[in-house]
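Secondary and tertiary structure notes
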Amino acid sequence: MSASVKDAPVTVLLAGGGTGGHLYPGLAIARALVRVNARVRPHFVGAMRGIERDVLPTTEFPYTLLDLHPLYRPKVWNNWRTLRGAVGAWRSMGRLGRELNPRLVIGTGGYAAGLTMFWAWRHDIPVVQHMGDAYPGITARLSARFTAQAYLGFPEAAATLPRGRCEYIDTGNPIEPLPDIRPDAAAARAKWGFPARARVLLVFGGSQGARALNQAVAAWVEHGVPSDLCVIWATGKGQYDAYRHLDRADVRVVPYLAPISDAYAASDLALVRAGMMGTSELSAWGIPMILVPLPTAAADHQTRNAIVIERAGAGTHLPQRELTTGRLDATARRLLGNATALKQMSDAARARGRPTAALDIAERINALLRHW
């Protein structure tokens, strides 16, 4: 092979989005893949309607957004938009394929991933996937039949997937790398204005926040949290104004956490949704979780995530319908009041953590590129 061919750029399409859980794993994989092989040129494919519309322009990667729509289940008469969008997106993928000549497609979930992976299969382009939840969505399950490798965020997902040509690999979810040296807990607490030996609860519900969590925590704070407990509470940007008045010395109310490492380093316990990325980061940091799944999540996959984490001993599943001030107070006191049990939960969380998942996935993809 000539030097010019050997050193030629290699285009890889990463398809997915709609939510952060489908987009951010792709970004972590792309960045790790470039570190592993400088010849790789990631190009993202997403939907005009998803979070990628706002996030991808802020990244270092080129991207293409397609006019894709989900299936409209309650309003089935709107599915003409889904069909029209799919036909137009298929044509757009043809033009993009001719322009970029991709060697591989990496699917990370969502309807943009489904169409792009199916297009790649029809054009004899190899496909791999990241499947982040304990119960993969319908797109992941259907496309597994023509996927070469699937990287699982939860090893339990393999039991729900079709057998065949796909190789299922337990890698964990690709989170941003942890600091080489973990921040000191006492120093991290000092940054929040907390005593060095304070017990700290971290609360967050994603970039947009979680209304049910915010309402429960607000009522708890107003009623009276334990006197020796400090709280770091990220409400989400859109809900911050409704709760900012509750900020005080022992309850720090912020719209979002960026960077989040000081909050993780300071915390003994977290009250969160059961999304794959948040729970994966908490596991890598060894932080036990009170998990309140989003009840409207597709196929109730967050509940499945919560159940798996609870069975592993890394968290407690608290359904949203049971999230009252009294139940929250009792759960937090029970967990924080037993240092031995909390340490066991922390160890169980850390055992499930995969801090090097992004790099592990990138190295596997690079090995495939060398052989294809």
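Calculation criteria
- Position numbers for residues start from 1 in each chain and track the written sequence from start to end.
- Only residues with pLDDT of at least 70 get local features here, since the model is predicted, and only at 80 or more are side-chain atom pairs given and counted; chain-wide, interface and lining totals rely on the full set of residues.
- Side-chain descriptors were evaluated using all non-hydrogen atoms of the structure, hydrogens and water having been removed beforehand.
- We call two strands paired when DSSP finds no fewer than two bridges between them.
- Helix and strand assignments come from DSSP, with helices taken as H or I runs of at least 4 residues and strands as E runs of at least 2, each series counted from the N terminus.
- Interaxial angle, 0 to 180 degrees, is taken between N-to-C directions of lines fitted to C-alpha atoms, where a helix line uses only the stretch in contact.
- Contacts are assigned to residue pairs that have any heavy atoms within 4.5 Å of one another.
- Each Phe, Tyr or Trp ring (for Trp, its six-membered ring) is paired with any other whose centre lies within 6.5 Å, and the angle between the two planes then decides the class: stacked below 30 degrees, edge-to-face above 60, tilted in between.
- Here's how the labels work: a residue is buried when its accessible area is under 20% of the maximum for its type, exposed when over 50%, partly exposed in between, all with a 1.4 Å probe on protein chains only.
- Lysine and arginine charges are scored as sitting over a ring when NZ or CZ, respectively, is within 6 Å of the ring centre and within 35 degrees of the ring normal.

Some words on the sheet that holds strand E12 (residues 289-291)
Pairing is parallel across the open sheet formed by 6 strands, whose spatial order is E10-E9-E8-E11-E12-E13. Among the strands making up the open sheet, the edge pair consists of strand E10 (251-254) and strand E13 (315-317). On average, each strand axis in the sheet is tilted by 15° relative to the strand beside it, whichever way the strands run. As paired elements, E12 and E13 share 3 bridges and run parallel to each other. Of the residues in E13, the one forming a bridge with methionine 289 is glycine 315. Packed on one face of the sheet, helix H12 (residues 301-311) meets E12 and E13 and runs near 135° to E13.

Section: the packing of aromatic side chains
Applying the stated criterion across every chain, the model contains 7 aromatic pairs. When the centroid spacing of 5.0 Å and the interplanar angle of 15° are considered together, the rings of tryptophan 121 and phenylalanine 146 count as stacked. Taken together, the residues span a long stretch of sequence, with tryptophan 121 in helix H5 (residues 111-122) and phenylalanine 146 in the loop between helix H6 (138-143) and strand E6 (149-152) at a distance of 25 residues. Its relative accessible area of 11% is what places phenylalanine 146 among the buried residues. Ring geometry for tyrosine 264 against tryptophan 285: centres 5.5 Å apart, planes inclined by 40°, an arrangement best described as tilted. Of this pair, tyrosine 264 sits in helix H10 (residues 261-266) while tryptophan 285 sits in helix H11 (residues 276-285), and the two are 21 residues apart along the sequence. Judged by relative accessible area, tyrosine 264 falls into the buried class, the value being 1%. Exposure remark for tryptophan 285: the relative accessible area of 4% places this residue in the buried category. These aromatic residues form a ring-pair network of at least three members: Trp90, Phe118, Trp121 and Phe146. Here the guanidinium or amino end of lysine 237 rests over the ring plane of tyrosine 256, the centre of that ring lying 4.9 Å away. The ring of tyrosine 135 carries arginine 304 above its face, with NZ or CZ at 3.8 Å from the centroid.

Distances and angles like these do not, on their own, reveal function.
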